[in-house]
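# Observations on the model geometry
Here is what each chain is made of, one letter per residue.
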Number of protein chains: 2
Amino acid sequence: MEIKLGRLLIGKSLKTDDLKDEKLNIFWGLPILSSDAISSVAYAGEEILWVLIPVLGILSYKYMFLASLCIVFLMFMVTLSYKQTIDAYPGGGGSYIVAKDNLGTIPGLIAGASLTIGYILTVAVSASAGTAAITSAIPQLLDHKVAITVFLIVFMIIGNLRGVRESSKVFGIPTYLFLIAIITMIIWGVFKVKVLGYTPAPVYDIPKITGDITLLLFIRAFSSGCTALTGIEAVSNGVPNFKDPCQKNAKIVLGLLSVVVFVVFGGLAYLATLYHAVPTHEVTVVAQIASQVFGTNIFFYVIQATTAIILIMASNTAFAGLPLLLAYIAKDGFVPRQFTKRGKRLGYSNGIIALGIVSIILVIIFRGDTHYLLPLYAVGVFVSFTLSQWGMFIRWSRTKESGWRHKAAINGVGAFITFATAIILGITKFTSGAWVVFIVTPMFVYFMLRIKKHYSEVARQLKLCINEKPKQINLAEQKRYVIVPIDTLNKSFLKALNYARTISDNIIVFHVSVDDEATEKLCKKWDEYSVGIPIVVRKSPYRHIVGPLVKYIESEEYAAGPMDTVTVVIPQFVVTKWWGNILHNQTSLFIKTMLLKRRNIAMITIPYIIEE
Amino acid sequence: MEIKLGRLLIGKSLKTDDLKDEKLNIFWGLPILSSDAISSVAYAGEEILWVLIPVLGILSYKYMFLASLCIVFLMFMVTLSYKQTIDAYPGGGGSYIVAKDNLGTIPGLIAGASLTIGYILTVAVSASAGTAAITSAIPQLLDHKVAITVFLIVFMIIGNLRGVRESSKVFGIPTYLFLIAIITMIIWGVFKVKVLGYTPAPVYDIPKITGDITLLLFIRAFSSGCTALTGIEAVSNGVPNFKDPCQKNAKIVLGLLSVVVFVVFGGLAYLATLYHAVPTHEVTVVAQIASQVFGTNIFFYVIQATTAIILIMASNTAFAGLPLLLAYIAKDGFVPRQFTKRGKRLGYSNGIIALGIVSIILVIIFRGDTHYLLPLYAVGVFVSFTLSQWGMFIRWSRTKESGWRHKAAINGVGAFITFATAIILGITKFTSGAWVVFIVTPMFVYFMLRIKKHYSEVARQLKLCINEKPKQINLAEQKRYVIVPIDTLNKSFLKALNYARTISDNIIVFHVSVDDEATEKLCKKWDEYSVGIPIVVRKSPYRHIVGPLVKYIESEEYAAGPMDTVTVVIPQFVVTKWWGNILHNQTSLFIKTMLLKRRNIAMITIPYIIEE
């Protein structure tokens, strides 16, 4: 029944060869890999105004437009840089690979850790923000905020386990709906003022303040708006997710993405200036604009609904991006190898599930409140931007291929700007949560190095020496030490004993006594049975099963020397009903687990199947 | 580190032979096996008044005293009956064993199920009520009610895992403190009125009602007070917990218990009559009496504190009783066998942990509110009383030993009264929750029968036929089919291959290919290795590992017939660090689990230990 449910939710298994059919074309690649970047536009302008309005009043709109231009410029720099990355790294890459390749292991791991943290926060923050949008519309649901957010994340886990392509269709459509709605609003909003001569009636009054702009203020405004850039990384990380020619398709999507962000972000900034929107805790800037442009009618609700949906869908970018990133890092041995494994539907299911669970835990701990999570969010993204672009800069300086000066200049300037932004974000948001990043990132890097060390050590110890061949063995001369543990004299034991007899005539039956009465009965039965195999009984006062057996094997009393391999034949009866297992002491499983740690013991499991 | 923590919490392991040192003497047996019974006295009188006061007003105290007398009479009947049970069942028993023995399996299981439900509710209700007492004193903790209750239950789980005797010292002292405090209050309270001539000043006014007593009303009052009797079962169930002579000690404790309940219950009823206490939702009857007897000073708080503590400790009776009961039922095969297993400190740890977890779940579901749980509580207890006493009645009628008429009369009357009480409780509390008992009990009984059937079937299939002896085998003539799966050509594989060569010269190396590139590399390496053992490669498009192997073994291509045993030698490298396991795909574990279900496959695990 569980299997059927799983199949219903996830869909039927797919062959490895089906992989190419699961890949994305441009039309679906845009929404699935960039809903995060597009959705962040919805609040980036508002973030800028939050910084400016309390100081500058009406003057804010001028500098907001300036800051937006700077951000758009920054975005084009980042986009150009990533286009160069896609060219240089056809296997897909993004910051982790670029930094590791050109700057070394540690910078690569810092980039990987920053990205991982960023992706996890994307899911937690976006899903929470989406829920907040829903509960603002339907206040009755406010009590169930956490439950709704968790449900949404579970929904996304399932969607992504179904596979990349199908999930793109589920998650891609709302992105297009949002774009159509927002662009319609921008066109109609500008037309209404500029052509029809409509005079905007602001929803809220602008504070009567006439402070003056300072460099610090402008920098703070600029850095707050930088959230518009989160999520751009996903495209260059996800190159192998595209249909062939994947590099070309990825570059086209990246180009389209920057155009979309430019249009939507610039358009909304311009509308905010025209309609004098003021950030408040009650109504978002986008909602204020929409209510003036359309009035409170169906169009207004369409804008609100698509905004809510795209915020939820934004977290899907992380579900598309992080499992792929983890698979890269896992191939290098820095995170558990299981992240390289493809699930039934060819997605990296372990990465999808891990991301889902960690973000659900974050949502539950922070009770679905984004305020504590947001300051942690952007720093990591800009750290990874910086490492990526600095890595590309080093690369060009090293290869000196044609046009390297031009390319190095783009990446160098980009690295400088994103580095500056990362510093600003780290300082201005340090006390409100960014300090967590400075603790968690080094911890991550440490664990990744530790894991790598473990894998290297395992590989070293498993590696065959040159010309290490199997031993030549004379079967007839083999002396094999075989022990069969007994608890009850039954068919399962007899089957094990029969098997033991096929490999050796040097068998001992071993019994651990935890109950004197039962032992006496067993010994009497064994004597009556008289098959010429000795039984050895050891009392176990602390009711341990394996200890006395190991002690006996290692004792001088037993014939095997310390270098001889002793074979333990373990009878195990197997019940066919799933609930049957909880009705039996899993003694044989336990024995096997304990004996595994002994170098010279081979364990033979003889299953005896109970039909029901 | 986990081990050390466990040891710190639970204490060092104890030998089976230490069992007799863990047993209870009379002094500690009284509080540990009867804190439930004693604590229920604290609210039984109040329950009676709740029924009477709204109808009878001042007249209530007369009938309260009458009802209390009936309950005390009922208690003496039950006590006498259980004394006879202890004599007849020196191995300990209580309702389950008595009913099963004399009335048959189904009545026995009904009694067992009723008791189990009762014990679980005891923990949930008493811990919740204890928490309520705490939060009434410290209202700031009200928000953390559920957390506190869960903490208390966890505390009791740990205490009981430490062992019966030690827990008796932890949990026994508060019972004595409560008794001393209450008896002091009774003596001083009576002395103050009768000798010093103090005129009580009731805290609340008695409603000016002068209704008349009816039989139904009296019966309802009586049945509400019957909660005073819950928990008496624990003593006769726990006979083997006592030091030798255990029967005598148990009977003494039961006698003492009935005296204690008589004194405390009777005394409190008399005080309520003297001081005209009125049940309210704000202040308990005991608290009203205490504040009049002592005034609001230190003595008042001692009464309140010890009442709170004994309520919490009451749930400990269930921790002492239920694991023992489950061990009895498990020995008969009606519940999972694991309940018969003694833990490190000789307690039935699985029963203790299961009880703790289930009651924690109940507390969380009902948010620590006892109102929904109380109506479910008493019905089960009286059902088991009835079955127990009816069983004893049948027993005397059958054995006809000396004095059987007298004994049968005691049990017969007891059975009739408790049956009547059970009916009354079932009817009056049906809609407020007792209906759950009528659904859950049959379900329990059904599952227990199902489990028994499973065990019987397993035993039947494992039982050796008469004269079924091991096969005589000529080792030299044995043809053994051995397969060694390979993933990578490394030391772990080589060790497995070497072992395989010691038992057969008919070996095949088998590779499941999920990655064409890796497979090609491996085959090339194997060819270069040239040890004269064939390699068989099967592609697995759906990335399954075990399926292709089983398919190959069963195919005609492979030499073994359907009745031959095929031995699969599985290389497994073992990492010594506990966290190492999460870094490796547990493929060999998975293969073993899947192959277990095949009748004619023997699995040999060859561990290869990685040092770190």
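The following refers to the structure shown. (Residues numbered from 1 in each chain as written. Chains lettered and ligands numbered in written order. Predicted model: local features only at pLDDT ≥ 70, side-chain atom pairs only at ≥ 80, totals over all residues. Heavy atoms only, no water.)

### Some points on the overall build of chain A
- The secondary structure content of chain A amounts to 20 helices and five strands.
- Whereas a compact globule of 612 residues would reach a radius of gyration of roughly 25 Å, chain A reaches 32 Å, over 25% beyond that.
- Out of the 612 residues in chain A, the part that is buried amounts to 55%.
- Summarising the internal contacts of chain A: among those between residues at least 6 apart in sequence, 79% fall at separations of at least 24.
- Total accessible area computed for chain A in this model is approximately 27,300 Å², and 65% of it derives from carbon and sulfur atoms. (Helix = DSSP H or I, 4+ residues; strand = E, 2+ residues; numbered from the N terminus. Rg over C-alpha atoms; globule rule 2.2 N^0.38 Å. Buried < 20%, exposed > 50% of the residue type's maximum accessible area, 1.4 Å probe, protein only. Contact = heavy atoms within 4.5 Å. Areas by Shrake-Rupley, 256 points an atom, 1.4 Å probe, with all protein chains shown as cover.)

### Some points on the packing of aromatic side chains
Residue and element names in this part refer to chain B.
- Under the defined criterion, the tally for this structure stands at 36 aromatic pairs over all chains.
- Ring centres of phenylalanine 27 and tyrosine 176 lie 4.7 Å apart, and the angle between their planes is 15 degrees; on these two criteria the pair is classed as stacked. Residue phenylalanine 27 is found in helix H2 (residues 26–56), and its partner tyrosine 176 is found in helix H7 (residues 164–194); the two are separated by 149 residues along the sequence.
- According to the relative accessible area criterion, phenylalanine 27 is partly exposed, its value standing at 49%.
- Aromatic pair tyrosine 82 and phenylalanine 385: ring centres 6.1 Å apart, planes at 65 degrees, arrangement edge-to-face. (Phe/Tyr/Trp six-rings, centres within 6.5 Å; stacked < 30°, edge-to-face > 60°.)

### Some details on the relation of the copies chain A and chain B
- Superposing chain A onto chain B takes a rotation of 179 degrees combined with a translation of 0.0 Å along the rotation axis, leaving an RMSD of 0.2 Å. Taken together, the rotation and translation relating the two chain copies correspond to the operation of a two-fold axis. Residues of chain A ranked by C-alpha distance from the rotation axis are headed by isoleucine 604 of chain A, positioned 2.1 Å from it.
- The overlap is high: 100% of the interface residues of chain A also sit at the interface in chain B, so the same surface is used on both sides. (Least-squares fit on C-alpha atoms with pLDDT ≥ 70 in both.)

### Some details on the interface of chain A and chain B
- Taken together, the contacts link 84 residues of chain A with 84 residues of chain B.
- Connecting chain A to chain B are zero salt bridges.
- Taken together, the connections running from chain A to chain B amount to twelve residue pairs in polar contact (both at pLDDT 80 or more).
- Breaking the side of chain A that touches chain B down by element, the ones donating at least two residues are helix H16 (430–462), helix H17 (491–503), helix H18 (516–529), strand E4 (566–575) and strand E5 (601–610) of chain A.
- Across the side of chain A that touches chain B, the residue classes break down as 37 nonpolar, 22 polar and 25 charged.
- Pairing between E5 of chain A and strand E5 (residues 601–610) of chain B: three bridges, direction antiparallel. Considered in E5 of chain B, the bridge of isoleucine 604 of chain A is made with isoleucine 604 of chain B. (Salt bridge = Lys/Arg side-chain N within 4 Å of Asp/Glu carboxyl O. Polar contact = N/O pair within 3.5 Å; in protein donor to acceptor, adjacent residues only side chain to side chain. Nonpolar A, V, L, I, M, F, W, Y, C, P; charged D, E, K, R; others polar. Pairing = 2+ DSSP bridges.)

### Focus: the sheet that holds strand E1 (residues 481–485) of chain A
- A sheet is described by the order of its strands in space; here ten strands give the open sequence E3(A)-E2(A)-E1(A)-E4(A)-E5(A)-E5(B)-E4(B)-E1(B)-E2(B)-E3(B), paired in mixed fashion. What marks the edges here is a single partner per strand, and that holds for strand E3 (535–539) of chain A together with strand E3 (535–539) of chain B. Between one strand axis and the next, the sheet turns by 30 degrees as a mean value, whatever way the strands run.
- Relative to strand E4 (residues 566–575) of chain B, strand E1 (residues 481–485) of chain B runs parallel, the two being bridged by three bridges. Paired with valine 482 of chain B across the bridge in E4 of chain B is threonine 567 of chain B.
- In the packing of helix H16 (residues 430–462) of chain B onto the sheet, the strands contacted are E4 and E5 of chain A, and the crossing angle to E5 of chain A comes to about 110 degrees.
- Sheet strands in contact with helix H19 (residues 546–554) of chain B are E1, strand E2 (507–513), E3, E4 and E5 of chain B, and its direction is about 140 degrees off that of E2 of chain B. (Axes fitted to C-alpha atoms, helices over the stretch in contact; angles between N-to-C directions.)

### Notes on a nonpolar patch on the surface
- A grouping of Phe430, Trp435, Phe438, Ile439, Met443, Tyr446 and Phe447 of chain A is seen on the molecular surface, where their side chains present a nonpolar patch of about 740 Å² in accessible area.
- Considering the arrangement of structural elements, one finds phenylalanine 438 of chain A in helix H16. (Patch = residues over 30% accessible without salt bridge, like charges linked within 9 Å, V, L, I, M, F, W, Y side chains within 5 Å.)

### Comments concerning the packing of helix H15 (residues 404–428) of chain A against H16 of chain A
All names here are of chain A.
- Where H15 contacts H16, the two axes come as close as 7 Å, and the packing angle between them is 120 degrees. As the angle between them shows, H15 and H16 are arranged oblique. On H16, the residues that touch Leu425, Gly426, Ile427 and Thr428 of H15 are Phe430, Ala434 and Phe438.
- For the contact of H15 with H16, the per-class residue count stands at five nonpolar, two polar and no charged. (Parallel < 35°, antiparallel > 145°, perpendicular 65-115°, else oblique.)

### Describing the packing of helix H3 (residues 60–88) of chain A against helix H10 (residues 246–275) of chain A
All names here are of chain A.
- At their nearest, the axes of H3 and H10 sit 10 Å apart, and the two run at 180 degrees to each other. It follows that H3 is roughly antiparallel to H10 by the angle criterion.
- In terms of residue class, the contact of H3 with H10 is built from 17 nonpolar, seven polar and three charged.

### Topic: the environment of valine 286 of chain B
Residue and element names in this part refer to chain B.
- Here valine 286 lies in helix H11 (residues 285–294).
- On the basis of relative accessible area, valine 286 is assigned to the buried category, the value being 6%.
- Sequence separation between valine 286 and tyrosine 119 is 167 residues, and the spatial gap between their C-alpha atoms is 25 Å.
- Leave out the neighbours within four places in its chain, and valine 286 touches Ala42, Ile182, Met185, Leu268 and Ile303.

### Concerning the pairing of E4 of chain B
All names here are of chain B.
- Of all ten residues making up E4, nine are buried, and the element is well covered by its neighbours.
- Sheet analysis places E4 next to E5, joined by ten bridges and oriented parallel. Residue pairing in the sheet places phenylalanine 573 in a bridge with tyrosine 608 of E5.

### Section: the environment of valine 260 of chain A
- Of note, valine 260 of chain A is situated in helix H10.
- What makes valine 260 of chain A buried here is its relative accessible area of 14%.

### Topic: the environment of glycine 108 of chain A
Residue and element names in this part refer to chain A.
- Looking at the element boundaries, glycine 108 is found in helix H5 (residues 105–137).
- Between the alpha carbons of glycine 108 and leucine 142 there is a distance of 42 Å; along the sequence they are 34 residues apart.
- When near neighbours in sequence (up to four residues on either side) are disregarded, glycine 108 contacts Tyr96, Ala99 and Lys100.

### Focus: the side chain of serine 359 of chain B
All names here are of chain B.
- Counting through the fold element by element, serine 359 comes out in helix H13 (residues 349–365).
- Judged by relative accessible area, which is 0%, serine 359 ranks as buried.
- Non-local contacts of serine 359, meaning those with residues more than four positions away in its chain, are made with Ile120, Val123, Ala124 and Ile153.

### A short note on the state of the cysteines
All names here are of chain B.
- Applying the stated rule across the entire model yields zero disulfides over all chains.
- Just so you know, cysteine 70 is unpaired, no disulfide at all, and the nearest cysteine sulfur is the one on cysteine 226, 9.4 Å from it.
- A relative accessible area of 28% means that cysteine 70 is categorised as partly exposed. (Disulfide = S-S within 2.5 Å.)

### Focus: the pairing of E5 of chain B
Residues and elements named next belong to chain B.
- Within E5, ten of the ten residues are buried, which leaves it mostly tucked inside the rest of the structure.
- Neither face of E5 is left uncovered, since the one carrying Ile601, Met603, Thr605, Pro607 and Ile609 and the one carrying Ala602, Ile604, Ile606, Tyr608 and Ile610 both have all their residues buried.
- Between the parallel elements E4 and E5, the chain passes through helix H20 (residues 587–595) in a crossover that is right-handed. (Right-handed = clockwise from strand over helix to strand, strands pointing away.)

### Section: helix H20 (residues 587–595) of chain A
Residue and element names in this part refer to chain A.
- Looking only at H20, the buried set comprises Ser588, Ile591, Lys592 and Leu595. In a view along the axis of H20, the buried residues occupy a sector of 100 degrees, so they form one face of it.
- Packing partners of the buried residues in H20 comprise helix H19 (546–554), E4 and E5. (Arc of directions from axis to C-beta.)

### With respect to unusual backbone geometry
All names here are of chain A.
- For histidine 276, which is not glycine, the phi torsion reads 50 degrees and is therefore positive.
- Within the secondary structure layout, histidine 276 lies in the loop between H10 and helix H11 (285–294).
- Residue histidine 276 is classed as partly exposed on the basis of its relative accessible area, which comes to 25%.

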